[in-house]
Amino acid sequence: MTAMMRGSDDTNDAGHGTAAPLSSSRIASGTADRRDVRGAGAVASGASGAGASAAGDSAHSDEARRRAEDLQADWADICIGLKKDLGQQLYNQWIRPVELGPFCRETGTLDLYLPTEFSANWVTDRFADRLSLAWKIASSDVRNVRICVHPNRRKLPELRVGSAAAEPAAMADPAGALTDLGSAGLDPSLTFASFVTGEGNVLAYNAAQRMAAIETPQFSPLYLKAATGQGKTHLLHALGHQFAAARPGACIFYCSAERFMVEFVQALRHNQMMEFKSRLRGFDMLLVDDIQFIIGKASAQEELLYTIDALLAEGKRLAFAADRAPQALDGVEPRLLSRLSMGLVADIQPADIDLRRKILNHRLARFTASDVPADVIEFLARTISRNVRELVGGLNKLIAYAQLTGQPVSLQLAEEQLTDILSANRRRITIDEIQRTVCQFYRLDRSEMASKRRTRTVVRPRQVAMYLAKVLTPRSYPEIGRKFGGRDHSTVIHAVRLIEDLRTRDADMDGDVRSLLRQLES
C-alpha cells in the first residue's frame, strides 16, 4: 500500500508492483531519498523568508503528513522482512496487530501499540530486539522502540477470588460474590440500540439477540468471528445488557481470554483453584473476548473446557469472540476447538461503504450543535475503510477539534487533522484494476474496454467502468478517456452523467454499481 502511495500516477495505473524482501540497503536508500526531499523542502522554506501564518501552518501540516507517510512506508518495508523471517503464521499472530503510535523527535522514541497486555509482553520478550534493529536500519531518526498496550484499550474487571475474610461468604454464595464484577465488565454504551446493522453483520446481530432472549437458544455457544474493529466486542457487551434486562438478577461476566489466563494462573499460584472454579461456574452467562489469545497454557485451556461443559450442562449461555475461525486458532487443543465450534459461528464482514455511511450518520446524531457537511461524511466513508473503530475515531477527532478551535468542519480540515488515519487507510485503486473487475463482473474480454464496438452489451459495462474510474480515482476526464482506447473527454463526461442518472431510475444498475464498489473497496 505504501509503495503505491509513493509511486507515480502512471505506476498506479500499471498495477501493483511485487514487494521485495527486507533489505537494509534498500531501506536506507529509500529513507535517505525521502529525507533529501524533506531537506530540500526545508531549504526552500527558509529561502522564502517569513510568510503568512496560514502558509506556515500549511507547511507544518505537510511536514507532519510526510513524516507519518514515511513511518508507514518504513513499517511496511519492515513487515515484508519480518513476514519472510518469521513465517506467515507467527507474523499474522503477533506482528500484524501492531499499530504505529506517536513518534517523539526529541528522544527518537517510537511507540508500537498492541491490543492487549499479554500480546505486548509476548512481542517484547521475543521480538523487541529484532524490531528495534529493523527500525534503526529503516530510519536513523528512530533510536528507541517502545512496545506497549494501546491506550484506548478497555479496562477489564478482575475475576479474582476473595480475601481470606471474604471466603466464607463466597463459599456460601459462589456466584453472588462476582455479580458486581460481572456488571462492571459491561460497557453501558455498547448496546443493541447503538449497533448499526448492514449486510455484512446482520447474521451476527440476529444471533446475538437470539442468544440474549428469554427463550432457550437453538445453538450454544455463540462464536463471533471478525477482524479488529468490526463490532464483535460491541455485540458481546450488547448481548450481556439484553440478557440482564430480560433476566433481572442474572449473574453475567465479560472478560478477555488474556484475563482468564492471568486469573487462572494466580489462583493456581495461591492454591485457590476450588474457589476459582466455583465462582466461575456460578455465572448464568459467560462472555469471553479475544479467545485467540488462549494459547500455551494447557491447564488453563483444560479449565475453560470444563467450565464450558459445566455451564452448557446447566443450560447457561456462553458467547465467544475472536479474529479468526475456531479451526484457525493456533496452540489450542482439539477438544476445546470442538466446543467452540459446536454452536453457531457467526462471521462479521468488513463494513462496506453503505454501512460506513450509516455508522457515521448514526454517530453524528449523538453530537448536538455539530454541522458536518455531506461531502465530509462521504469522504470519511470512502477513505477510512479498514475498520469501524478507526472510522468512528476519525469522526470524533474531527468534531472535537472543530468545537475546541471554533473552526467549521470542512473537507480541508478533515484532510489536515486526520493525516495518520488517512495514511493508514489509503489504497490507490487503479483504472486497470477497475477495468479488470468490471470485465469479470459482466463476463467481457478485457480488450472490450478499449475497443470501438458499440453494442449495448459492451458499451454499458464500459460506461460503468468510466463512471467508477471518475468516482474512485483522482484522474481527470481526458486521462480516463486515454485509458479507454483514447476516447475524448466528452465521451467520459457523458458516461459518468448517464450512469449517475441510471442509478436513480434503474434498481438493477444501482445494484451492479454497489456490488462493484464493494469489490473494489474491500
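Report follows, based on the coordinates. From a predicted model like this one, the values you see are computed outputs, not experimental measurements. Sequence order sets the numbering: in each chain, residues are counted from 1 along the sequence as written. It should be noted that, the model being predicted, local features are given only for residues of pLDDT at least 70 and side-chain atom pairs only at 80 or more, the latter also being counted only at that level, while totals for whole chains, interfaces and linings use all residues. The side-chain values count all of the structure's non-hydrogen atoms but skip hydrogen atoms and water molecules.

1. Some remarks on the sheet that holds strand β7 (residues 317-322)
Spatially, 5 strands are ordered β5-β6-β7-β4-β8 in an open sheet, and the strand pairing comes out parallel. Each of the sheet's edge strands pairs with one partner strand only, and the pair in question is β5 (252-256) and β8 (344-347). Each adjacent strand pair in this sheet contributes to an overall mean axis angle of 15°, direction not counted. Any two strands with at least two DSSP bridges between them are considered paired. For the purposes of this entry, the term helix denotes a DSSP run of H or I that reaches at least four residues, the term strand denotes a run of E that reaches at least two, and both are numbered from the N terminus. Bridging between strand β4 (residues 222-225) and β7 involves 4 bridges; their strand directions are parallel. Directly across from K225, in β7, lies its bridge partner A322. Throughout, a contact is declared for two residues whenever any of their heavy atoms are within 4.5 Å. For every element, the axis is a line fit to its C-alpha atoms; helices are fit only across the contacting stretch, and the angle between N-to-C directions ranges from 0 to 180 degrees. Sheet contacts for helix α13 (residues 298-313): β6 (285-289) and β7; angle to β7, the most-contacted strand, approximately 140°.

2. Quick word on the packing of aromatic side chains
Two rings belonging to Phe, Tyr or Trp (six-membered ring only in the last case) form a pair when the distance between their centres is within 6.5 Å. Interplanar angles under 30 degrees mark stacking, angles over 60 mark edge-to-face geometry, and anything in between is tilted. Enumeration according to the criterion identifies 8 aromatic pairs in this entry. Seen from their ring centres, W94 and F293 are 6.3 Å apart, and the 40° between their planes marks the pair as tilted. One end of the pair, W94, is in helix α5 (residues 88-95); the other, F293, is in the loop between β6 and α13, and 199 residues separate them in sequence. No difference in accessibility class separates W94 from F293, as the two residues are buried. Considering the side-chain rings of F195 and Y205, the 5.8 Å spacing of their centres and the 10° angle between planes classify their relative orientation as stacked. One end of the pair, F195, is in the loop between α8 (179-184) and α9 (202-212); the other, Y205, is in helix α9, with 10 residues separating them in the sequence. In this structure, F195 and Y205 share a single accessibility class: buried. Among the aromatic side chains, those forming a connected cluster through ring pairs are F192, F195 and Y205. Each residue is placed in one exposure class: buried if its accessible area under a 1.4 Å probe, protein chains only, is under 20% of its type's maximum, exposed if it is over 50%, and partly exposed if it falls in between.

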